[in-house]
Amino acid sequence: MGGAYTPGLRVCPGTIVRKERKLPLRGQVVVSVGDSVNSDTVVARTEIPGVIQTLKIAEMLGLEPAEAVAAMTVKQGDKVEAGQVVARSKSFFGLFTSECKAPYTGTVELVSRATGHLGIRMPSRPVEVDAYIDGVVTDVLDDEGVVVETYGALIQGIFGVGGERSGRLCVAVDSPGDVLTEDLLTEKHGQHVVVGGSGVTLGALRKAASLGIKGIVVGAVVDVDLIEYLGHDIGVAITGQEDIVTTVILTEGFGRLQMANRTFRLLKSLDGHKVSINGATQIRAGVIRPEIIAPLEFVEHTDEDTGVSSLEVGTDIRVIRDPYFGALGKVTKLPPELVEIESGAIVRVLEAKLEDGREVTVPRANVEIIEG
Amino acid sequence: MVEINTILATDCGSTTTKAILIEKKDGEYRLVVRGEAPTTVEAPFDDVTVGVVNAVREVEELAGRRILDETGRIIVPTASEGVGVDMYLSTSSAGGGLQMTVAGVVRAMSAESAERAALGAGAIIIDVIAVDDGRKDFEKVRRIRDLRPDMILVSGGTDGGTVKHLVELSEMLLSADPKPRLGVGLRLPVIYAGNKDARQPVTEILGDRVDLRIVDNLRPTLDRENLGPAREAIHELFLQHVMQQAPGYAKLSDWVSSGIMSTPNAVGQIIQTVAQQMKINVLAADIGGATTDVFSVFGGVYNRTVSANLGMSYSICNVLAEAGISNISRWIPFEVDEAALRNSLRNKMVRPTTIPQTIRELRIEQAVSREALRLAFEHHKTLARSLKGVQSQRTIGEIMEQMETGHTLVDMLSLDMIVGSGGVLSHAPRRAEAAYMMLDAYQPEGVTMLAVDSIFMMPQLGVLSTILPEAASQVFERDCLIKLGSVIAPVGKAREGEPACTLVIRGETITVPYGEVKLIPMEEGESHEAIVRPSRKLDLGAGKGTELVTQVEGGVVGLVIDCRGRPLELPNDARARMSRLRDWYAAFGLEVE
């Protein structure tokens, strides 16, 4: 494969961001094209049908299935209230009456002659989708949702946990190499999205949750600290549904890794701005990376780049695997032939000059392009 | 039929699309070239054919043959000499593959048979629902609703048996009102393969709500499975429903000369063909980034399992979670800091396409692969088993061994060949590394041939075997299968250092002490009769201490005599363990770090 390298993550100070906001089922779109929306504006809603709760009438009344159906006082399509009698039988020459009552309100949807069961579908549950970002509705997807567009900064992380949140951004460290510790977090950070440097301690994660901090953006986290914070292990990288107060976004990876300078500089320039963040990550069929979006005053139209950047001499890269993990540099040579590396594998490589002056050869698969 | 001389076949994997070109030369089908490109089912492309065209373009360049027309469409049939191909076939596992939920009445009987049917058809099982699975009805309903499978297979009841439970299962589906994963507004395909007496009530309940297909009962009697009709229905629905909804597949379906096959289904096909033609018991594993598939044919019975979350990149942290850090570390021949190891595995998970640059990194990945292969094999053994609930006449031996119905069909002593596939095995920098990984993970017993799929082309050959079995077999034997060599491994334990096994071969006598591995150079294609004598505590299949006369074959690695004992036990003390590992690496001629 000629281009066997990992396309980098986007760190962009100004771009058009489009977000599809879709319902899980068909429903009603409540905004129109051209409407201005805030992150919490509801754009579409639907009702998810309730589940059917089965009443085993035959067993409850001690009847055969056909007798149970005859004993039912309701029929398919009837609405029933909680406590309403739905089946009644008489025994011992009509002296004793047994009844079954509906334990909940709903609609009769199933009367089974084979089992003597009665199925009551519980009321629907409303579901709403909000705009997630401040912007303008540019498209309506019939009965499904909308596309919201904004101009702003977009930063993609490498991994995250926790879902969509929004709040004001606050940089709590001085440099991208600083670890975000407990003592750096105070009451004033509540409801904010807080930016750290090379890592965050377990104590800081816990304190952030107790302060109601919406999100934490850092370079890295030690694996066991994140597991401890979540309360469970992460087996497969499909996240976003965790039941946690504070969404966590990592820009570099696991361990202690300095946040890339350009990412840190951009976040610092956004200090005080409202941002929308999402920790959802899926590193498999349909890659989803966590993101930080800061809607900004429109400066100049920079259309969102949908192409894939290519690796060339002079391209800024970051090495993403040992022995040079995390190092930044510039491509100096792209040998076309396959080269044997230390492990013995024969692969496509590139030569690069790292920021610390070292000149190294690394597999193309082990670098990412720093995009902007 | 028109003579087929040029065949193009692609496999659209979740990350890479691989294309191979096969040509008939001097009456024999051979692999000509192979090309690959990233799969393009995701944004910004959202069209699988873009990746196919890119991979085919690489084939064009390497083979010097024009295959694509000006519009980027594959030219089939051959237009003129050197332009186009006679046949184009494809397999696919892109977009998450075929995801299914199966349901049955009894977990260990009909639900398990349904699971085997679906796995054999190339599906990933996302849940198994049974009347007796211990979950409350509402929990099952919620689960069915949340999972959004591509299709559901319902089974249960022998013909003439229970109807009530099947009606209950159908009511549960009705209650959940499940929606398919792909295609908003479409009805979910449901295959009913249960008691034929329950077809009518099941149709009454579900007929209007889902896309219901009725096929023959997959377990018509307790002692018989009839998985064929259900598997065919799954395959047909996969083509009609899932493939049509996936991005670009309608176009790809139009290009191929025969239906697109799911990748694991195709691999299963080629494994069965090989077992049948060579009359052997085979075990094959395909270890990918996200999943590990295991296939076996024992006594003509085919089984496939998929461990959906055991893999070398996307799922590497699930291997860590399931195996535990100590089980991974036990295969690493040098000291490694536990926290650093955990963080490095996480970093591989978030950047799945990276590769080990140093020997040290390679050894760590190969340690993980041993555990992924082992865990997937354990999973396979639990599902590849005889039918539960069957009253069978048992021999005295079976009664003495308390062998139950439902015992695993995987018998290591009767296993003839293990085929490894997937990046970590097929692309191991040295073939001896692949042999050593398989040896530790599977611990073959007796005499077994180890092999690898050279460049992972079993899927393409699998789909080809359904149309041109002869071509598939020829390419498989000559270009796909790389024999690493026979392994002789006595079962049992003995005292460290005492003679474990004596081998007389090519007029030479070789004795290997217990606890050691010996590699004897023997070229690929070489085959010799060997007299193997295990020590009195060890067994090679003929009984403890009993001599075995057998045929052994060479390979690109050679003949391996593994006298480390079965089951293989590593020293508890870390230093002693690392020292043993270093000895074994040295026996294979491999560096440690």
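This one's a predicted model, so the numbers in the text were calculated from it and none came from an experiment.

Q: Is there a simple way to explain the pattern of salt bridges in this structure?
A: Pairing is possible between side chains of opposite charge, provided their charged atoms come close. For the coordinates displayed, the defined rule picks out 65 salt bridges over all chains. The closest approach of N and O atoms between Lys19(A) and Glu291(A), which form a salt bridge, is 2.8 Å. In this pair, Lys19(A) is assigned in strand β1 (residues 11–22) and Glu291(A) in strand β22 (residues 291–295), connecting sequence segments 272 residues apart. Side by side, Lys19(A) and Glu291(A) carry an identical accessibility label, which is buried. Across the pair Glu225(B) and Arg116(B) runs a salt bridge whose closest N-O atoms are separated by 2.8 Å. Residue Glu225(B) is located in the loop between β9 (211–214) and α6 (228–245), and its partner Arg116(B) is located in helix α2 (residues 110–120); the two are separated by 109 residues in the primary sequence. Looking at Arg116(B), the relative accessible area reads 4%, which means it is buried. One connected set of salt bridges, linked through shared partners, spans Asp127(B), Asp133(B), Arg135(B), Lys140(B) and Arg143(B).

Q: It is not clear to me how the domain arrangement of chain A should be interpreted in this structure. Could you clarify?
A: How big an interface is tends to be reported as the loss of accessible area on association of its parts. All names here are of chain A. On domain assignment, one finds that chain A holds domain 1 (8–14 + 152–295), domain 2 (52–121) and domain 3 (316–371). Look at where the C-alpha atoms of domain 1 and domain 3 centre, and you get two points 27 Å apart. Listed by partner, the interface residues are seven residues for domain 1 and six residues for domain 3. Summed over both partners, the interface of domain 1 with domain 3 comes to about 700 Å²; 48% of that surface belongs to carbon and sulfur atoms. Taken together, domain 1 and domain 3 are joined by one salt bridge. We note a salt bridge from Arg318 to Glu252, for which the minimum N-O separation is 2.0 Å. Counting across the interface, domain 1 meets domain 3 through one residue pair in polar contact (both at pLDDT 80 or more). Within the side of domain 1 that touches domain 3, the residues separate by chemical class into four nonpolar, one polar and two charged.

Q: Is there a simple way to explain the sheet that holds β9(B) in this structure?
A: Sheet strands pair via backbone hydrogen bonds, and the direction of the pair is either parallel or antiparallel. Residue and element names in this part refer to chain B. If you trace the five strands from one edge of the open sheet to the other, you get β6-β5-β7-β8-β9, paired in parallel fashion. Only two strands of the sheet have a single partner each, and these edge strands are β6 (123–130) and β9. Averaged over all pairs of adjacent strands, the angle between strand axes in this sheet comes to 20°, irrespective of strand direction. As paired elements, strand β8 (residues 189–192) and β9 share four bridges and run parallel to each other. When the bridges of β9 are listed, Tyr192 appears paired with Ile214. Most of the contacts of α2 go to β6, to which it runs at about 170°, and overall it touches β5 (98–104), β6 and β7 (151–154). Running at roughly 160° to β6, helix α3 (residues 137–147) makes contact with β5, β6 and β7 of the sheet.

Q: I would appreciate a short explanation of the sheet that holds strand β18 (residues 508–513) of chain B in the present structure.
A: All names here are of chain B. Spatial strand order, β18-β17-β20-β21: four strands in an open sheet with antiparallel pairing. At either margin of the open sheet sits one strand with a lone partner, and together these are β18 and β21 (548–553). Sheet twist, expressed as the mean angle between neighbouring strand axes with direction ignored, is 30°. Here five bridges tie strand β17 (residues 499–505) to strand β20 (residues 527–534), and the two strands are oriented antiparallel to one another. If you follow Cys501 over to β20, its bridge partner there is Pro534.

Q: Explain the environment of Met349(B) to me, please; I cannot follow it from the model alone.
A: Mapped onto the fold, Met349(B) is located in helix α11 (residues 338–350). Residues Met349(B) and Ile482(B) lie 133 residues apart in sequence; the distance between their C-alpha atoms is 30 Å. Not counting chain neighbours up to four residues away, the residues in contact with Met349(B) comprise Phe159(A), Gly235(A), Ala237(A), Phe254(A), Ile283(A), Ser313(B), Tyr314(B), Ile316(B) and Cys317(B).

Q: I'm lost on the packing of helix α12 (residues 359–383) of chain B against helix α15 (residues 431–442) of chain B in this one. Help?
A: To characterise two packed helices, one gives the angle between the axes of the helices and the distance between these axes. Residues and elements named next belong to chain B. The N-to-C vectors of α12 and α15 enclose an angle of 40°; their axes lie 8 Å apart at closest approach. Classified by the angle between their axes, α12 and α15 sit oblique to one another. Crossing hand, α12 versus α15: right-handed. Seen from α12, the contacting residues are Leu362, Arg363, Gln366, Ser369, Arg370, Leu373, Arg374 and Phe377; seen from α15, they are Glu433, Tyr436, Met437, Asp440, Ala441 and Tyr442.

Q: Is there a simple way to explain unusual backbone geometry in this structure?
A: For residues besides glycine, phi is generally negative; the peptide bonds are generally trans as well. Residue and element names in this part refer to chain B. Omega for the bond connecting Val76 with Pro77 falls within 30 degrees of zero, at -5°, which places this linkage in the cis form. Looking at the element boundaries, Pro77 is found in the loop between α1 (48–63) and β4 (87–92). Look at the link from Arg566 to Pro567: it is a cis peptide, with omega at -10°. Its place among the elements puts Pro567 in the loop between β22 (559–562) and α18 (574–587).

Q: Quick question: what am I supposed to make of the interface of chain A and chain B here?
A: Contact with chain A, which involves 65 residues of that partner, is made by 55 residues of chain B. Between chain A and chain B the total buried area reaches about 4800 Å² when both faces are included, carbon and sulfur atoms providing 54% of it. Counting across the interface, chain A meets chain B through eight salt bridges. For Glu368(A), the salt bridge is made with Arg351(B), and the minimal N-O distance between the two is 3.3 Å. Taken together, the connections running from chain A to chain B amount to 25 residue pairs in polar contact (both at pLDDT 80 or more). Every element with two or more residues in the side of chain A that touches chain B is listed here: β5 (52–55), β9 (106–111), α4 (223–230), β20 (247–254) and β28 (359–363) of chain A. If you tally residues by element for the side of chain A that touches chain B, the top one is β20(A), at four residues. Tallied by class, the residues present in the side of chain A that touches chain B amount to 33 nonpolar, 17 polar and 15 charged.

Q: Help me understand the confidence of the model for chain A in this model?
A: Close inspection of predicted coordinates is inappropriate for parts of the model with low pLDDT. Residues and elements named next belong to chain A. Looking at chain A as a whole, the pLDDT averages 89, with 93% of positions reaching at least 70. Least confident of the elements in chain A is β5, whose mean pLDDT is 82; most confident is strand β17 (residues 192–195), at 98. A low-confidence stretch, residues 1–5 (pLDDT under 50), is modelled with 19 contacts involving residues beyond four sequence positions or located in other chains. Low pLDDT, under 50, characterises residues 303–307; the stretch is placed with 11 contacts to residues that sit more than four places away or in other chains.

Q: I would appreciate a short explanation of the packing of helix α3 (residues 202–211) of chain A against α4(A) in the present structure.
A: All names here are of chain A. For the pair α3 and α4, the least separation of the axes is 9 Å and the interaxial angle reads 30°. For the element pair α3 / α4, the angle class is roughly parallel. Once α3 is placed against α4, the crossing between them reads as right-handed. On α4, the residues that touch Leu202, Leu205, Arg206 and Ala209 of α3 are Asp225, Glu228 and Tyr229.

Q: What is the right way to look at α1(B) in this model?
A: Think of an α-helix as turning once every 3.6 residues; residues three or four places apart then point the same way. Residue and element names in this part refer to chain B. In this model, α1 (16 residues) spans 23 Å end to end at C-alpha, consistent with the 22 Å of a helix rising 1.5 Å per residue. By the burial criterion, the buried members of α1 are Val48, Thr49, Gly51, Val52, Val53, Ala55, Val56, Val59 and Glu60. Looking at the residues trailing α1, positive phi occurs at Gly64, about 65°.

Q: Looking at this structure, how should I read the nonpolar core?
A: Nonpolar side chains in soluble globular proteins tend to be buried together. Among the nonpolar cores identified, the biggest contains 112 residues, and Phe159(A), Leu180(A), Leu226(A), Tyr442(B) and Leu484(B) are the most heavily contacted of them. With 55 residues, the next largest nonpolar core counts Leu119(B), Val128(B), Met243(B) and Val256(B) among its residues.

The rules behind each value
Residues numbered from 1 in each chain as written. Chains lettered and ligands numbered in written order. Predicted model: local features only at pLDDT ≥ 70, side-chain atom pairs only at ≥ 80, totals over all residues. Heavy atoms only, no water. Salt bridge = Lys/Arg side-chain N within 4 Å of Asp/Glu carboxyl O. Helix = DSSP H or I, 4+ residues; strand = E, 2+ residues; numbered from the N terminus. Buried < 20%, exposed > 50% of the residue type's maximum accessible area, 1.4 Å probe, protein only. Domains from an automatic or database assignment. Contact = heavy atoms within 4.5 Å. Buried area = accessible area lost by both parts, 1.4 Å probe. Polar contact = N/O pair within 3.5 Å; in protein donor to acceptor, adjacent residues only side chain to side chain. Nonpolar A, V, L, I, M, F, W, Y, C, P; charged D, E, K, R; others polar. Pairing = 2+ DSSP bridges. Axes fitted to C-alpha atoms, helices over the stretch in contact; angles between N-to-C directions. Parallel < 35°, antiparallel > 145°, perpendicular 65-115°, else oblique. Left-handed = near helix turned anticlockwise from the far one by under 90°. pLDDT = per-residue confidence, 0-100. Expected span 1.5 Å × (residues − 1). Core = buried A, V, L, I, M, F, W, Y, C linked by side-chain atoms within 4.5 Å.

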